[in-house]
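Reading the structure
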Amino acid sequence: MGTLLQVDGLSVALPTRSGYHKAVDDLSFAVDAGEVMGIAGESGSGKTMTALSLFGLLPNGARVTGSIRLDGAELLGLTSSQLRAIRGRQIAMVSQDPSTALHPILPIGTQLTEHMRYHLGVTKTEAMTRAAELLRTVRIPDPEQALRSYAGQFSGGMRQRIAIAVALAAEPRLLVADEPTTALDVTVQAGILRLLDRLCRERGMAVIVITHDLGVMSAVARRLYVMYAGRLAEAGPTSELIARPRHPYTRGLLDALPHPEAGGAPLVPIGGSPPSLGRVPAGCPFHPRCRYAQPSCATDRPEPRLIADTHLLACPPDPLRAAPAAEGGQDSPAADGGQDGRAAP
Amino acid sequence: MTEPVLQLAGVAVDYGRRGQRVRALDGVDFAVGRGEIVGLVGESGCGKSTLARAAVGLEPLASGTVTFEGRDVIHLGRRRRPDYLRGLQMVFQDPYESLNPRRTVGELIADGVRLGGGSRKQGLRRAAELLERVGLPTAAADSYPHEFSGGQRQRIAIARTLAAGPSCLIADEPISALDASAQAQIANLLSELVDDADLGLVLVSHDLSVVRQVADRVAVMYLGRIVEIGDTETVWASPLHPYTEALVAAIPRPDGAGVLPVDLPGDVPDPANPPTGCRFHPRCPIAEDSCRELDQRLIPVAGREIACHVRSGSAAAPAGPPSD
């Protein structure tokens, strides 16, 4: 299937008291129809700003440069009425917090049919029939009753499923899901991940999943983009990145995860925390937290380069080139406890 | 296990007024020893947070007892906690709400020492030690909570509970509000503290992987009851209760294999109107007719306890795994 979304050289600068600072810095990626792509990184890595820029929903005063093309048509620079025709119809969003995504005092049915009637021009009766069908798809029991109910009458997991139904109402071609399951129980999460997977296969819908949970990524995303401080750190097939991460940051994210097969070995956290907006270090933004950092890392900006067919890496020293697979990563050189002096006494 | 530091026996907690009574916790037996981490897992609404709150005296009990170091933990309402409960401390989920924003970190921590009869000066000295213990610079004592990240704030909250010289900590989702790498740091810190200070720790979490990583024993809860409890390794490697099985199968594995986690259909039933018999039977893949009627009690099977007569029956049969 062909390329649906093509993002080239996207930068987003946000106004702060000390001037403009880049929250997203020269990011390029593409998403094919029917594909699930993952964007991973800690908070503050620019994941959410990247998503918002697709919808023209950035905070006031944000400066965006680069290009975002959906089916070849440029989205940047569109007027708000042009964007309204695209939001919901072509691209839709599911956000992290199901309690704020739904309107508290409009019935669920109204929220579900609004999109359909606006974008698809169907009658109210037909929209209601479709809405009930949609609720059945996301497994809400008794859909007819649910259409007349309000958001507050549902549990968190059910609200998130309803929010997904709202996002799917106008049959978007691209769904952007920002931490869609982070607040949910694993059982509900499993249901939602399976649903997304099915929609991609059956409808050819593309999904961008944004999460810091590499377990979730591993389950649904075929390709993975790892971001750090607004830039691309590493990108490639999920299985390859997880089995043989080449960027020290990707490796760090993996080592910080409890591994289902590894038993009680202590987790290896990445020392320190990600830089805040406007305090991004020169050179490679990860170098102050990187245990492999070399003098050049503090000065030279790492550009992403292809190290295999579809594997991009922004780490010129490439210290993990010959490293063993990540399975044994728990006893890697990380044992020194990181760079920030937070190791246990 | 040695003499438990905290023991719950037949604990039940009700919410709501007369007509609308909801039993959030229904006859839970549970104990934590010194130097031990017991993980408490289950879906939202299963009563794990209620259990944590009841264990420190924040909820009135409808029946049963909570005993800390041999003495009753009573519900306190707004009264001051008696001194003998100072060794039982709670770490809350949200470090943005649990720290007073108008006082310095040093003062916040020193309170614990002063309430125990120490001077302000002793308190501030101890605060510096504790900050170092939880991995923060001693200079942090002069700053305010808003100057720190979520993970750092949770360290401060932990340092504050340590100032009371606890022998048992109850941590209610202590890492779920934090970033991935901060989660690993706090999980490691808690497990070091348990080893070093010989604390008992009850770790409530909806993140099963973290519980798997740090807990010695795990208790799986469903709708106000414990359905399986035992050594973490045993329970994880071979879950016996069908609910535990479903939970473990629902965890997505970060192995890059692209395997979708297994779904458990249905939602947790309304606790105001729990199903008859085994409370899990409407969602259970192996439910039999008898499950609708027979109330399940925890029975020792194959190195752990489960509340499932279908599984405990077949496990006890000759064909099943040996029970000990």
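Computed from a predicted structure; not experimentally measured.

Parameters at a glance
- Residues numbered from 1 in each chain as written.
- Chains lettered and ligands numbered in written order.
- Predicted model: local features only at pLDDT ≥ 70, side-chain atom pairs only at ≥ 80, totals over all residues.
- Helix = DSSP H or I, 4+ residues; strand = E, 2+ residues; numbered from the N terminus.
- Rg over C-alpha atoms; globule rule 2.2 N^0.38 Å.
- Buried ≥ 20, exposed ≤ 12 C-beta atoms within 10 Å, placed from the backbone.
- Contact = placed C-beta atoms within 7 Å.
- Pairing = 2+ DSSP bridges.
- Axes fitted to C-alpha atoms, helices over the stretch in contact; angles between N-to-C directions.
- pLDDT = per-residue confidence, 0-100.
- Core = buried A, V, L, I, M, F, W, Y, C linked by C-beta atoms within 7 Å.
- Nonpolar A, V, L, I, M, F, W, Y, C, P; charged D, E, K, R; others polar.
- Expected span 1.5 Å × (residues − 1).
- Arc of directions from axis to C-beta.
- Left-handed = near helix turned anticlockwise from the far one by under 90°.

Turning to the overall build of chain B, a few remarks are in order. Broken down by element type, chain B carries nine helices and twelve strands. Relative to the globule expectation of 20 Å for 324 residues, the C-alpha radius of gyration of chain B, 21 Å, shows essentially globular dimensions. Once the C-alpha set of chain B is aligned to its principal axes, its extents read approximately 65 × 50 × 40 Å. Within chain B, the fraction of its 324 residues that count as buried is 52%.

A tally of regular secondary structure across chain A gives eleven helices and twelve strands. Taken over the C-alpha atoms alone, chain A extends approximately 65 × 45 × 40 Å along its principal axes. Here chain A holds 345 residues, and the buried ones make up 47% of them. Considering only contacts within chain A whose residues lie at least 6 apart along the sequence, 65% involve residues at least 24 apart.

By definition, the strands of a sheet pair up through backbone hydrogen bonds, in either a parallel or an antiparallel sense. Residues and elements named next belong to chain A. Spatial ordering of the open sheet is given by S6-S7-S8-S3-S9-S10-S12-S11, a layout of eight strands whose pairing is mixed. Only two strands of the sheet have a single partner each, and these edge strands are strand S6 (91-94) and strand S11 (305-308). Across this sheet, the average inter-strand angle for adjacent strands is 25 degrees, counted without regard to direction.

Residue and element names in this part refer to chain B. Taken in spatial order, the four strands of this open sheet run S2-S1-S4-S5, and their pairing is antiparallel. Pairing within the sheet leaves two strands with one partner each, and these edge strands are strand S2 (22-32) and strand S5 (71-72). Direction of pairing for strand S4 (residues 63-68) relative to S5: antiparallel, over a ladder of two bridges. Along S5, the bridge assignment pairs Thr67 with Asp72.

As a further point, take the confidence of the model for chain B. All names here are of chain B. Residues at a pLDDT of 70 or more form 95% of chain B, whose mean pLDDT is 88. Throughout residues 315-324 the model reports pLDDT below 50, and contacts reaching past four residues in sequence, or to other chains, amount to 14 contacts. If you check the scores for this complex, the pTM reads 0.81 and the ipTM reads 0.77.

For the rest of this paragraph, the subject is the environment of Met93(A). Residue and element names in this part refer to chain A. Structurally, Met93 can be placed in strand S6. Judged by the 22 C-beta atoms lying within 10 Å of it, Met93 falls in the buried class. Between the C-alpha atom of Met93 and that of Val268, which follows or precedes it by 175 residues, the distance is 33 Å. Ignoring anything within four residues of it in the chain, the contact list for Met93 reads Ala51, Phe55, Ala167, Val176 and Asp178.

This part takes up the nonpolar core. Counting 197 residues, the largest nonpolar core has Ala165(A), Ala55(B), Val202(B) and Leu203(B) as the members making the most contacts within it. Among residues more than four places away in sequence, those in contact with Ala165(A) are Leu112(A), Leu134(A), Leu135(A) and Val138(A).

At the interface, 37 residues of chain B touch 42 residues of chain A. If you list the elements that add at least two residues to the side of chain B that touches chain A, you get helix H5 (180-197), helix H6 (208-214) and helix H8 (242-249) of chain B. Take the side of chain B that touches chain A: its biggest share by element is seven residues, from H5(B). Grouping the constituent residues of the side of chain B that touches chain A by class yields 17 nonpolar, eleven polar and nine charged.

Moving on, we come to the environment of Glu36(B). Tracing the backbone shows Glu36(B) in the loop between S2 and strand S3 (37-41). Distance in space between the C-alpha atoms of Glu36(B) and Asp216(B) is 6.3 Å, their sequence separation being 180 residues.

Once that is clear, we can look at the environment of Pro275(B). Residues and elements named next belong to chain B. With respect to the helices, strands and loops of the structure, Pro275 is situated in the loop between H8 and strand S11 (299-301). Residue Pro275 is classed as partly exposed on the basis of its C-beta count, with 15 C-beta atoms lying within 10 Å. The residues touching Pro275, leaving out its near neighbours within four places in the chain, are Pro269, His281 and Pro282.

What follows is about the pairing of strand S1 (residues 6-15) of chain B. Residues and elements named next belong to chain B. Relative to S4, S1 runs antiparallel, the two sharing five bridges. Bridge pairing links Leu8 to Val66 in S4. Pairing of S1 with S2, which is carried by seven bridges, proceeds in the antiparallel orientation. The residue of S2 that forms the bridge with Asp14 is Arg23.

Residues and elements named next belong to chain B. Its 13 residues place the ends of helix H4 (residues 150-162) 18 Å apart at the C-alpha level, agreeing with the 18 Å of an ideal helix rising 1.5 Å per residue. For H4, the tally of buried residues reaches twelve of 13 residues, placing the bulk of the element in the interior. Among all positions of H4, only Gly151, Gln152, Arg153, Gln154, Arg155, Ile156, Ala157, Ile158, Ala159, Arg160, Thr161 and Leu162 are buried. Turning to H4, the residues buried within the fold contact strand S6 (88-91), helix H2 (105-115), helix H3 (120-133), strand S7 (168-172) and H5.

Attention now goes to H3(B). Residues and elements named next belong to chain B. Here H3 contains 14 residues, and its C-alpha end-to-end distance of 20 Å stays within 8% of the 20 Å for a straight helix at 1.5 Å per residue. Those residues of H3 that sit buried are Gly123, Arg126, Ala127, Leu130 and Leu131. For H3, the angular spread of the buried residues around the axis is 140 degrees, confining them to a single face.

Residue and element names in this part refer to chain A. At a minimum axis separation of 9 Å, helix H4 (residues 108-120) and helix H5 (residues 124-137) run at an interaxial angle of 115 degrees. In terms of crossing hand, the pair formed by H4 and H5 is right-handed. Facing Gly109, Leu112, Thr113, Met116 and Arg117 of H4, the residues of H5 in contact are Lys124, Ala127, Met128, Arg130, Ala131 and Leu134. For the contact of H4 with H5, the class distribution of residues is six nonpolar, two polar and three charged.

What follows covers unusual backbone geometry. The phi torsion at Ala229(A) lies on the positive side, around 50 degrees, for a residue other than glycine. Note on placement: Ala229(A) falls in the loop between strand S9 (223-228) and strand S10 (231-237). Taking the C-beta count within 10 Å as the criterion, Ala229(A) has 25 such neighbours and is therefore assigned buried. A positive phi angle is found at Glu69(B), which is not glycine, with a value near 45 degrees. If you trace the backbone, Glu69(B) turns up in the loop between S4 and S5. By C-beta crowding, Glu69(B) is classed as partly exposed, having 17 other C-beta atoms within 10 Å.

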